[in-house]
Amino acid sequence: MAFGATHLCLALSLMALIALAKANIDEKVEPINNILEQNSEMLTQEFCILAAVGSVVAEAIRRERRMGASLIRLFFHDCFVDGCDAGILLNDIPGRFQGEKSSPPNNNSVRGYEVIDQAKQRIKTMCPGAAVSCADILALAARDSVAMLGGMTYPVRLGRRDARTANFTGALTQLPAPFDDLNVQLTKFRAKGMSAREMVALAGAHTVGFARCVTMCDDRNINPARKSTLNCGCPVINNNTNLVPLDLTTPDFLDKFYYEDLIRNRGLLFSDQVLMGSSATADVVRTYNSNPALFLREFNDAMTKMGDLPPSSAAQLEIRDVCSRVNGNSIADM
C-alpha cells in the first residue's frame, strides 16, 4: 500500500470533515458517497472501507449532530462487555436468545444501530469482496465521530472479528452505571486494564451528548447539586426521550467544558461528579480543563486502548454478513 494506516485514517477524516463542512454551507454540494462510488475503483480496499464508513458517518451527523455522541457511546458499550466483538448489535430472538441490545443499560437508550447497518451495506456496494467485521465498523464510526465533533482523528487497527453470541448479564455488570460511586467505577475500569487517568479521559466523552428523562428523573443517577435545575415532570418510562445536555456549554462539541462543569459542581450525572471526590481523579479533571489539547490526545489514546479489548476467549468469532444476526441459522450458547 502506498500509505500507512495512520495516513489513511488522517486522509479519511479530512475528506469526511471537508464534505461535512461543505454540506452545511451548500445544500447542493454532491453527497460524498456519490463522489466516492464514482471513484471506488481507484481506491485500495482498506481505504475504500475507511471512506465508505466515513461517508455514512458524515451523512448521519449532518442529519443529526447528536448521532456522533451516540456512535461513540455505542462503541464503548460494545467494547466494555466482553471486548470489542459487536455483540451489542445482535438482535434478540424471542424464546431463543436474549442479547446485550435489550439489556437495561442499552434498551431504549443506546442508538446508532442503523448507521452501522448502512455502513456495512455501503462497504458491500463500494468495496466488493472486502471482508470487514461489524466490530471494525463500530471502531471506525466512533473514531470518525470524534473527529467530526471537534476532536482529533487517530489510527484504527482493523482485523477484529464478530462474536456469535452476546452477554445480557454482562451488560448489567460490566458497564459503568450513572449511579456508580468512584470506587465501583475504578474497579470496572481496572477489570478492563484501564487506569484511573484513562477512566477520566474516557469520561470526557460526556462532553457531547444528552441524558434521557428516565435517567435524570432517578435521584440515584443525578448530582444532587443539579437536581433543583432540572425539570423532571416527565413520565419516568423507558421510552421517554426528553433530553438534558451532559455538557452545559457545548454539548455538540468534543472539548474541555465537561471538565469545567465538574470543577464547578455542575456535572449532571452522579457518576461524573464523583470524579472530583478523590485527588487521583480530580487532579486529572483539572489538568484536562486547563490543557484541552492534552485531553484530546489522551482521550484518543484511551479510545485506542479500549478498541483493543479482546473478545472472550471462549467466544466463537466470524465476520458477520449482517450486523444484527450471526451467519447461518444458529447462535452459540452463552
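The structure this text deals with has already been given above.
Residues numbered from 1 in each chain as written. Predicted model: local features only at pLDDT ≥ 70, side-chain atom pairs only at ≥ 80, totals over all residues. Heavy atoms only, no water.

(A) Local environment of the nonpolar core. In this structure, Leu89, Met303 and Met306 are the most contacted members of the largest nonpolar core, which totals 78 residues. Residues in contact with Leu89, not counting those within four places in the same chain, are Leu74, Lys101, Tyr113, Ile116, Cys134, Leu138, Arg320, Cys323 and Ser324. In terms of nonpolar packing, the next biggest core, distinct from the first, is built from 10 residues, Ala211, Cys213, Met216 and Val244 among them. (Core = buried A, V, L, I, M, F, W, Y, C linked by side-chain atoms within 4.5 Å. Buried < 20%, exposed > 50% of the residue type's maximum accessible area, 1.4 Å probe, protein only. Contact = heavy atoms within 4.5 Å.)

(B) Focus on helix α3 (residues 45-63). Relative to the 27 Å expected for 19 residues at 1.5 Å per residue, α3 spans 27 Å between its end C-alpha atoms, a close match to the ideal helical length. With respect to burial, α3 is a largely interior element, 15 of its 19 residues being buried. (Helix = DSSP H or I, 4+ residues; strand = E, 2+ residues; numbered from the N terminus. Expected span 1.5 Å × (residues − 1).)

(C) A look at the packing of aromatic side chains. Evaluation of the coordinates by the stated rule reveals eight aromatic pairs. Between Tyr259 and Phe295, the aromatic rings sit 5.1 Å apart at their centres with planes inclined by 75°, giving edge-to-face as the arrangement. Placement of the pair is Tyr259 in helix α11 (residues 257-263) and Phe295 in helix α14 (residues 292-307), with a sequence separation of 36 residues. Given the relative accessible area of 0%, Phe295 is considered buried. Aromatic side chains Tyr288 and Phe295 sit 5.6 Å apart centroid to centroid with 55° between the ring planes, which places their arrangement in the tilted category. Each member of the pair, Tyr288 as well as Phe295, is classed as buried. An aromatic cluster of three or more residues is present, and its members are Tyr258, Tyr259, Tyr288, Phe295 and Phe299. The cationic tip of Lys101 hangs over the ring face of Tyr113; the distance from NZ or CZ to the ring centre is 4.2 Å. (Phe/Tyr/Trp six-rings, centres within 6.5 Å; stacked < 30°, edge-to-face > 60°. Lys NZ or Arg CZ within 6 Å of the ring centre and 35° of its normal.)

(D) Here's a closer look at the environment of Val53. When you line up the elements, Val53 lands in helix α3. Since its relative accessible area comes to 0%, Val53 is described here as buried. Along the chain, Val53 and Gln118 lie 65 residues apart, while their C-alpha atoms are 8.5 Å from each other.

(E) Expanded view of the state of the cysteines. Using the criterion set out here, one finds three disulfides in the structure. Disulfide pairing is shown between Cys79 and Cys84; the S-S distance is 2.0 Å. Of note, the bridge from Cys79 to Cys84 carries an S-S torsion of about 115° and is right-handed in sense. Residue pairing for Cys134: its cysteine sulfur links by disulfide to Cys323, the two sulfurs lying 2.1 Å apart. On the S-S bond that ties Cys134 to Cys323, the torsion sits near -95°, and the link is left-handed. (Disulfide = S-S within 2.5 Å.)

(F) Representation of the environment of Arg320 within the structure. Mapped onto the elements of the fold, Arg320 is located in the segment after β4 (317-318). According to the relative accessible area criterion, Arg320 is buried, its value standing at 1%. Considered as a pair, Arg320 and Ala86 are 234 residues apart in the sequence and their alpha carbons are 9.4 Å apart. Not counting residues within four places of it along the chain, the set of residues in contact with Arg320 comprises Asp85, Ala86, Gly87, Leu89, Leu90, Lys120, Cys134, Asp162, Ala163, Arg325, Val326 and Asn327.

(G) Region of the structure containing the side chain of Lys192. Following the sequence through the fold, Lys192 ends up in the loop between α8 (182-190) and α9 (196-203). Buried and unpaired, Lys192 has Asp82 as its nearest opposite-charge partner, separated by 5.3 Å. When residues no more than four places from it in sequence are discounted, the contact partners of Lys192 are Phe80, Asp82, Gln174 and Leu309. (Lys, Arg positive; Asp, Glu negative; His and termini not counted. Salt bridge = Lys/Arg side-chain N within 4 Å of Asp/Glu carboxyl O.)

(H) Representation of unusual backbone geometry in the model. Phi at Asp82 takes a positive value of approximately 60°, unusual for a residue other than glycine. Take Asp82: it is sitting in the loop between α4 (66-79) and α5 (113-126). The backbone of Asn265 sits at a positive phi, close to 60°, despite the residue not being glycine. One can find Asn265 in the loop between α11 and α12 (270-273).

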